[in-house]
Amino acid sequence: MALKRDQSQMIFERGAKVIPGGVNSPVRAFRAVQGKPVVIHHAKGPEIWDVDGNKYIDYVASWGPMILGHAPKSVIAAVTEAASRGTSFGACTEAEVDLAEQLVRIVPSLEKVRMVNSGTEATMSALRLARGFTKRDKIIKIIGGYHGHVDALLVKAGSGAATFGVPDSAGVPAGTAQDTLLVEFNDLDAVRAHFEAHAGAIAAIIVEPVPGNMGCVPPGPGYLEGLRELTRAHGALLIFDEVMCGFRVALGGAQARYGVTPDLTCLGKIIGGGLPAAAYGGKAEIMNQVSPDGPVYQAGTLSGNPLAVAAGRATLELLERDNPYAELESRTARLCKGMLGAAEEIGVPMTVNQVGSMFTAFFNEGPVTDFASAKRSDTALFSRFHHEMLERGIYLAPSQFEAGFVSVAHLESHLDRTLEAGREALRAAVASGTASA
Ligand code: KE4
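Residues numbered from 1 in each chain as written. Predicted model: local features only at pLDDT ≥ 70, side-chain atom pairs only at ≥ 80, totals over all residues. Heavy atoms only, no water.

Caption draft 1: The sheet that holds strand S4 (residues 112-116), seen in detail. One open sheet holds the 7 strands; their spatial order is S4-S10-S9-S8-S7-S5-S6, and the pairing between them is mixed. Of all strands in the sheet, those with a lone pairing partner are S4 and strand S6 (180-183), marking the two edges. Each strand axis lies, on average, 20 degrees off the axis of its neighbour in the sheet, ignoring direction. In the sheet, strand S5 (residues 138-142) pairs with strand S7 (residues 202-207) via 4 bridges, with the strands oriented parallel. The residue bridging lysine 141 from the neighbouring strand is isoleucine 206, located in S7. Packing of helix H7 (residues 188-197) onto the sheet brings it into contact with S5, S6 and S7, and relative to S6 it is tilted by some 150 degrees. (Pairing = 2+ DSSP bridges. Helix = DSSP H or I, 4+ residues; strand = E, 2+ residues; numbered from the N terminus. Axes fitted to C-alpha atoms, helices over the stretch in contact; angles between N-to-C directions. Contact = heavy atoms within 4.5 Å.)

Caption draft 2: Fine view of the packing of helix H2 (residues 73-84) against helix H11 (residues 306-322). In contact at an axis separation of 8 Å, H2 and H11 are set at 150 degrees when each is read in the N-to-C sense. As judged from the angle between their axes, H2 and H11 are roughly antiparallel. Crossing angle aside, the handedness with which H2 passes H11 is right-handed. Every residue of H11 that contacts H2 at Ser74, Val75, Ala78, Val79, Ala82 and Ala83 is listed here: Pro306, Leu307, Ala310, Ala311, Ala314, Thr315 and Leu318. Residue classes in the contact of H2 with H11 are distributed as 11 nonpolar, 2 polar and no charged. (Parallel < 35°, antiparallel > 145°, perpendicular 65-115°, else oblique. Left-handed = near helix turned anticlockwise from the far one by under 90°. Nonpolar A, V, L, I, M, F, W, Y, C, P; charged D, E, K, R; others polar.)

Caption draft 3: A look at helix H1 (residues 6-18). Taking 1.5 Å as the rise per residue, H1 with 13 residues should run 18 Å; its terminal C-alpha atoms sit 19 Å apart, in good agreement. Among all positions of H1, only Ser8, Phe12 and Gly15 are buried. Along H1, the residues classed as buried sweep out an arc of 60 degrees about the axis, all on the same side. Structural note: H1 exposes Arg14, Lys17 and Val18 on the side pointing more than 90 degrees away from its buried face. Buried residues along H1 sit in contact with strand S2 (47-50). (Expected span 1.5 Å × (residues − 1). Buried < 20%, exposed > 50% of the residue type's maximum accessible area, 1.4 Å probe, protein only. Arc of directions from axis to C-beta.)

Caption draft 4: The arrangement of the packing of H7 against helix H8 (residues 223-233) in detail. Direction vectors running N to C along H7 and H8 enclose 10 degrees, while the axes themselves pass 10 Å from each other. Of the possible angle classes, the one that applies to H7 and H8 is roughly parallel. Contacts between H7 and H8 involve Leu188, Val191, Arg192 and Phe195 from the first element and Tyr223, Gly226, Leu227, Leu230 and Thr231 from the second. Broken down by class, the residue content of the contact of H7 with H8 amounts to 6 nonpolar, 2 polar and 1 charged.

Caption draft 5: Structural view of helix H12 (residues 325-346). A rise of 1.5 Å per residue sets the reference length of H12, with its 22 residues, at 32 Å; its end C-alpha atoms lie 32 Å apart and thus fit the reference within 8%. Of all the residues in H12, the buried ones are Tyr325, Leu328, Arg331, Thr332, Leu335, Cys336, Gly338, Met339, Ala342, Ala343 and Ile346. Looking straight down H12, one finds that the buried residues subtend no more than 160 degrees of arc, so they occupy a single side. Away from its buried face by more than 90 degrees, H12 exposes Ala326, Lys337 and Glu344.

Caption draft 6: Broad picture of the site of the ligand. Near the ligand there are 17 residues, and of these Ser25, Thr120, Asn213, Asp241 and Glu402 occur at the shortest range. Within the side chain of threonine 120, a nitrogen or oxygen atom sits 2.6 Å from an oxygen atom of the ligand. Within the side chain of lysine 269, a nitrogen or oxygen atom sits 3.0 Å from a nitrogen atom of the ligand. For the ligand, whose free accessible area comes to 540 Å², the fraction covered by protein is 87%. When the residues that make up the shell around the ligand are grouped by side-chain class, the tally is 5 nonpolar, 8 polar and 4 charged. When residues of the shell around the ligand are sorted by domain, at least three fall in each of domain 1 (6-71 + 324-436) and domain 2 (73-322). (Near = heavy atom within 4 Å. Polar contact = N/O pair within 3.5 Å; in protein donor to acceptor, adjacent residues only side chain to side chain. Areas by Shrake-Rupley, 256 points an atom, 1.4 Å probe, with all protein chains shown as cover. Domains from an automatic or database assignment.)

Caption draft 7: A look at the packing of aromatic side chains. Inspection of every chain in the model, using the stated rule, returns 7 aromatic pairs. Ring centres of phenylalanine 371 and phenylalanine 401 lie 5.6 Å apart, and the angle between their planes is 75 degrees; this geometry places the pair in the edge-to-face category. Of the two residues, phenylalanine 371 sits in helix H13 (residues 371-374) while phenylalanine 401 sits in the loop between strand S13 (394-395) and strand S14 (404-405), which places them 30 residues apart along the sequence. Comparing phenylalanine 371 with phenylalanine 401, the two get one shared label, buried. An aromatic cluster is built from Phe30, Tyr56 and Tyr395, whose rings are joined through pairwise contacts. (Phe/Tyr/Trp six-rings, centres within 6.5 Å; stacked < 30°, edge-to-face > 60°.)

Caption draft 8: Fine view of the domain arrangement of the chain. Assigned domains of the chain: these are domain 1 (6-71 + 324-436) and domain 2 (73-322). Summarising the inter-unit geometry, the C-alpha centres of domain 1 and domain 2 are found 25 Å apart. Summed over both sides, the interface of domain 1 with domain 2 buries roughly 2,900 Å², with 67% coming from carbon and sulfur. On the domain 1 side of the interface with domain 2, the three residues burying the most area are Tyr325, Val355 and Phe371, jointly 22% of the side's total. (Buried area = accessible area lost by both parts, 1.4 Å probe.)

Caption draft 9: Fine view of the pattern of salt bridges. Per the counting criterion, the structure on display carries 21 salt bridges. Note that glutamate 47 is salt-bridged to arginine 417, the shortest N-O span being 3.7 Å. One end of the pair, glutamate 47, is in strand S2; the other, arginine 417, is in helix H15 (residues 412-436), with 370 residues separating them in the sequence. Overall, the relative accessible area of 11% leaves glutamate 47 in the buried class. Glutamate 345 is the salt-bridge partner of arginine 427, the closest N and O atoms lying 3.1 Å from each other. Of this pair, arginine 427 sits in helix H15 while glutamate 345 sits in helix H12, and the two are 82 residues apart along the sequence. A relative accessible area of 47% places glutamate 345 in the partly exposed class. (Salt bridge = Lys/Arg side-chain N within 4 Å of Asp/Glu carboxyl O.)

Pasting the structure below:
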């Protein structure tokens, strides 16, 4: 029996009259799963409620930030206390220094760090800095990698751009895109070839060390080490975009998990605890090129905003104190194993990729090691599965090319419920596909 969603429908229709597509970010429109979004009313722990009162176990986690689950007491208290002293000053605060010291202490590559308001700002600024520092223009990006809506990086981007089947965005001048060189993830030969073809012209390679925007794809053995060697040999910078995997796959992010230290790191999502805070940072020698110390300009009215900093600090303090990563990884592994078991039982081709507490179930024989292989997934079956899971109170990312996230608040009982719903939803999705074939 379909869930009642009248309020969601009505509010979404209102929104569509005054907001493009009715959403403030494209992937939220559920277009990739031919669905209609539910309008959220509130959330607590691993669960979210829509405006019709339906409850869901949430694996989107606001696209990554909610590693502690929704509305953790200590984060809400920290934000409330900060708000009581004012919401923004556009000036220095001790709290932003505390957060910067915390980030430098935890993330191996950071000697200095600059706060910004979104992952997009972080990657855009890191690219400008890499070009300013090396005095080179070309960059290498991964096909299916997504780094926010930066002009130079909206070329064969992942995430929402990938699902639209129009990877290159309108409005990106050819001149901007021509300096962006492309390689598939996990292909070191392609990177080597670009460096040989463009000797002395490549400023940096920007990579999600654990991509989440083509779905979750682990780096192959030696891949990240290979990028480190190639960039060092060719005088280019290695930029790790850890906006999603930072503080997600390990306390110090992918660079700590794999022991590969980039020159620059972009962070976001978890470091804001669900509020708008992101950052870029790296070696002092490079960061000293950033205004006002150096010639690379970057600024922001709300950068280091006291409320976002309070939420981020409270989140990182809990993560540093409790270090929940081993437990998160084992719970996620149980979920992934259960999903794979259900697919095998029902005879559905499925590959599940997992790194830490991020994962993606691809409807695909596998292995899925890059965007080219991810794209071979049965997105029609994924769409039907997404709908069936939503009807059973499980809220998954509305796209095959996204990662799912398990939080500290997801208990065994939530995972059990998810696996039970998953088995039923898979059977129903296969059946409805056969019926309409
Ligand atoms: P924002 O500008 O959305 O804060 O961050 C951009 C970004 C940069 N780098 C990585 C690795 C990212 O995953 C993101 C944003 N991730 C998407 C989820 N695939 C955000 C969801 C959305 O676009 O609404």
